[in-house]
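One-letter residues, chain by chain:
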Amino acid sequence: MTRNMNHRNSLFAAALFGTTLLLPQLAKAAADQPDVASAVHAKLNKSQYKDVQVSVDANGVATLSGTVADYEYKADADKTVHKIKGVSAVRNDIQVAGPSVPDSELQKKLLEKVSDSAIGYGNMFDAITLDVHDGVVTLGGHSHDYPNRDTALAVVSTTAGVKDVVDNIEVDPVSPMDDGIRLAVARAVYGYASLNRYAIDPAKPIRISVQNGHVELYGVVDSQADKDTANIRANSVPGVFSVENHLQVAGQPSEK
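Bear in mind the structure is a predicted one, so any value in this text is a computation, not a measurement. In this numbering scheme, every chain counts its residues from 1 along its sequence in written order. Side-chain atom pairs in this predicted model are given and counted only at pLDDT of 80 or more, local residue features only at pLDDT of at least 70, and totals for whole chains, interfaces and linings cover all residues. Heavy atoms from the whole structure form the basis of all side-chain values; hydrogens and water molecules are not counted.

Caption draft 1: Region of the structure containing the sheet that holds strand β9 (residues 207-211). At least two bridges found by DSSP between two strands is the condition for calling them paired. A run of H or I in DSSP becomes a helix once it reaches four residues, and a run of E becomes a strand once it reaches two; helices and strands are each numbered from the N terminus. Taken in spatial order, the 3 strands of this open sheet run β9-β10-β12, and their pairing is mixed. Looking at the sheet topology across the chains shown, the edges are occupied by β9 and β12 (242-245). Strand-to-strand twist of the sheet, defined as the mean angle between neighbouring strand axes without regard to direction, takes the value 20 degrees. Relative to strand β10 (residues 214-218), β9 runs antiparallel, the two sharing 5 bridges. Paired with V210 across the bridge in β10 is V215. Contact between two residues is taken to exist if any of their heavy atoms lie within 4.5 Å; hydrogens are not considered. Interaxial angles span 0 to 180 degrees and are taken between N-to-C directions of axes, which are lines fitted to C-alpha atoms, for helices over the stretch in contact. The strands touched by helix α5 (residues 176-190) within the sheet are β9 and β10, with β9 carrying the most contacts at an inclination of about 150 degrees.

As structure tokens, this is what we get:
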């Protein structure tokens, strides 16, 4: 009996000793929280964040709430706070209080802006999709590289009416073999007499995406014959494992 009591007393003493050792660390962590919160407030001390509130818990999780005028400010606040020393995570509950734009109108505007930004050599190899629901823009499809993906995200993020952005864009893998296939497919498609007119308008090309030898075609063509011809030409390129033909024929219902 006495030995059991002594054992319990020893355990209690050890626990008390351990707690005593932790007290300075806990006190320091508690003291550090106001400093982290102050640092966050200092970084967000700009006019675009005047209606944003910040709180930081004992684990260094910063919660952002309130409103901003445009989505880009919500995204920038998130990035800024993530970089602050002592912040372990960010809970971004900021609401975008800018103008509301009907989804159909916003989608049309964004499709035009993203298409206009994807002009130039190499951009025929981007096939980025876009959908809008209640002001939330979801980007998908494929991008040839990260700079092109980032450009599309920047265009969407800075457009009035956008409430939030979901980035589901897949960046194609870096591969010398795929690079060769992209160029060969482009030559096969655009070099064909009935298809070379699609190179005239750089904003509306036949877009070619390649992942590990698998080719996907996107865009809008004038006829079913053009769609079928592009498919045949892409399949004729050596090294191509398969072709998925997502080309839309003008005037026909869009495929999801």
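The rest of the description comes next.
Caption draft 2: Inspection of the packing of α5 against helix α6 (residues 224-235) at higher detail. Contact geometry of α5 with α6 gives a least axis separation of 8 Å together with a crossing angle of 140 degrees. By the angle class used here, α5 and α6 are oblique. Crossing hand, α5 versus α6: right-handed. Contacts between α5 and α6 pair V185, A188 and V189 from the former with A230, R233 and A234 from the latter. Angle categories are assigned with fixed cut-offs, so that under 35 degrees is roughly parallel, over 145 is roughly antiparallel, 65 to 115 is roughly perpendicular, and the rest are oblique. Each helix crossing is assigned a hand: it is left-handed if the near helix lies turned anticlockwise from the far helix by less than a right angle, otherwise right-handed if that turn is clockwise.

Caption draft 3: Molecular detail of the environment of V171. Inspection of the secondary structure puts V171 in strand β8 (residues 170-171). In sequence terms V171 and H142 are 29 residues apart; their C-alpha atoms lie 5.7 Å from each other.

Caption draft 4: Inspection of the side chain of R182 at higher detail. Within the secondary structure, R182 sits in helix α5. When accessible area is computed with a 1.4 Å probe and restricted to protein chains, residues below 20% of their type maximum are described as buried, those above 50% as exposed, and intermediate ones as partly exposed. On the accessibility criterion, R182 (2% relative accessible area) is buried.

Don't take any of this as a statement about function, it's just geometry.
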